[in-house]
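Here is how the chains run, residue by residue.
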Amino acid sequence: TIFTDGSFLSEVYQGVLFVELRSATNLRVADVTGASDPYAVLSVGASTARSSVQLSTLNPVWRQKMCLYVGNVNKDMLKLRMYDKDFLTSDDDLGMVVVPLSQLADHQPRDLDLPLEGPGAGQGRVQLRATFLRFSDFPRDVLEQMTADKAVVPEGGGPLDLL
């Protein structure tokens, strides 16, 4: 993941939402094989992340960490849409979840187990952990490390340890 200049980010965005997409359960069968090939697309405003595809499962496990920039924690929403990957036709909708970021504004990690909604959702649920941190709360050196011209989100010893 490539980030931009820290001063630019802190002027345009209030902070960052760290999300660990953990798993999903009871997803709808979307393939003739009796399973699905699920993946998730997460977004906050224009900031978007996509999970890997888990093949032939209705109960995928990702444990995949992502971060999304937040413009206004009091107004923005985390949107997660689940899809079934199809290789010859368009991907199938497996449901979506919308979480107001105001519920996550206290900087505490939140474990969420949410029902998927919408016509493609069936009885599916998604499990994730989310933590919102304001750029103004980061020590300057950590913010610079995260926003260097070609920085990669730190795997250890940084804010993602909260996940």
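A quick note: this is a predicted structure, and the numbers were derived from the prediction, not measured. (Residues numbered from 1 in each chain as written. Predicted model: local features only at pLDDT ≥ 70, side-chain atom pairs only at ≥ 80, totals over all residues. Heavy atoms only, no water.)

**Student:** Go over the overall build of the protein with me, naming the residues and quoting the values.
**Tutor:** Of the regular secondary structure elements, the protein holds two helices and eight strands. Listing every helix and strand of the protein by position from the N terminus yields α-β-β-β-β-β-β-β-β-α. Within the protein, counting contacts between residues at least 6 apart in sequence, those at least 24 apart form 63% of the total. Within the structure as shown, the protein displays about 8,200 Å² of accessible surface, and the carbon and sulfur contribution to it stands at 49%. (Helix = DSSP H or I, 4+ residues; strand = E, 2+ residues; numbered from the N terminus. Contact = heavy atoms within 4.5 Å. Areas by Shrake-Rupley, 256 points an atom, 1.4 Å probe, with all protein chains shown as cover.)

**Student:** Go over the environment of Ala-121 with me, naming the residues and quoting the values.
**Tutor:** Mapped onto the elements, Ala-121 comes out in the loop between strand 7 (110–115) and strand 8 (125–134). Judged by relative accessible area, Ala-121 falls into the buried class, the value being 2%. When the C-alpha atoms of Ala-121 and Met-96 are compared, they prove to be 7.3 Å apart, with 25 residues separating the residues in sequence. (Buried < 20%, exposed > 50% of the residue type's maximum accessible area, 1.4 Å probe, protein only.)

**Student:** I'd like a description of the pattern of salt bridges, backed by residues and values.
**Tutor:** Under the defined criterion, the tally for this structure stands at six salt bridges. Across the salt bridge formed by Arg-129 and Asp-111, the nearest N and O atoms sit 2.7 Å from each other. A residue pair is termed long-range when its members are at least 10 positions apart, and Arg-129 in strand 8 and Asp-111 in strand 7 qualify at 18 residues. We classify Asp-111 as partly exposed; its relative accessible area is 47%. Of the charged contacts, one joins Arg-125 and Asp-113 as a salt bridge, the two residues approaching to 3.0 Å between their closest N and O atoms. With Arg-125 in strand 8 and Asp-113 in strand 7, the pair connects residues that are 12 residues apart, well separated along the chain. In this structure Arg-125 comes out as partly exposed when scored by relative accessible area, which is 29%. (Salt bridge = Lys/Arg side-chain N within 4 Å of Asp/Glu carboxyl O.)

**Student:** Residue-level account of a nonpolar patch on the surface, with values.
**Tutor:** Among the surface-exposed residues, Leu-55, Phe-87 and Leu-88 lie close enough to one another that they form a single nonpolar patch of about 430 Å² accessible area. On the secondary structure map, Leu-88 appears in the loop between strand 5 (77–84) and strand 6 (92–100). (Patch = residues over 30% accessible without salt bridge, like charges linked within 9 Å, V, L, I, M, F, W, Y side chains within 5 Å.)

**Student:** Account for the sheet that holds strand 4 (residues 61–70), with residues named and values stated.
**Tutor:** Taken in spatial order, the four strands line up as 4-1-8-7 in an open sheet, and their pairing is antiparallel. At either end of the open sheet lies a strand with only one pairing partner, and these are strand 4 and strand 7. Neighbour-to-neighbour, the strand axes of this sheet turn through a mean angle of 25 degrees, independent of strand direction. Where strand 1 (residues 15–25) lies against strand 8, 10 bridges are found, and the strand directions are antiparallel. Among the inter-strand pairings, Ala-24 is bridged to a residue of strand 8, identified as Val-126. (Pairing = 2+ DSSP bridges. Axes fitted to C-alpha atoms, helices over the stretch in contact; angles between N-to-C directions.)

**Student:** Account for the packing of aromatic side chains, with residues named and values stated.
**Tutor:** In total, this model carries three aromatic pairs according to the counting rule given. Ring centres of Tyr-39 and Tyr-83 lie 5.4 Å apart, and the angle between their planes is 25 degrees; this geometry places the pair in the stacked category. Note that Tyr-39 is positioned in strand 2 (residues 38–44) and Tyr-83 in strand 5, a separation of 44 residues in sequence. On the basis of an interplanar angle of 50 degrees and a centroid distance of 6.3 Å, the ring pair of Tyr-69 and Phe-135 is categorised as tilted. Within this pair, whereas Tyr-69 is found in strand 4, its partner Phe-135 is found in the loop between strand 8 and helix 2 (140–146), the two being separated by 66 residues in sequence. For the pair Tyr-69 and Phe-135, one class covers both residues: buried. Joined through ring pairs, the aromatic side chains of Tyr-13, Tyr-69 and Phe-135 make up one cluster. When the ring centre of Tyr-39 is taken as origin, the NZ or CZ atom of Arg-50, which lies over that ring, is 4.0 Å away. (Phe/Tyr/Trp six-rings, centres within 6.5 Å; stacked < 30°, edge-to-face > 60°. Lys NZ or Arg CZ within 6 Å of the ring centre and 35° of its normal.)

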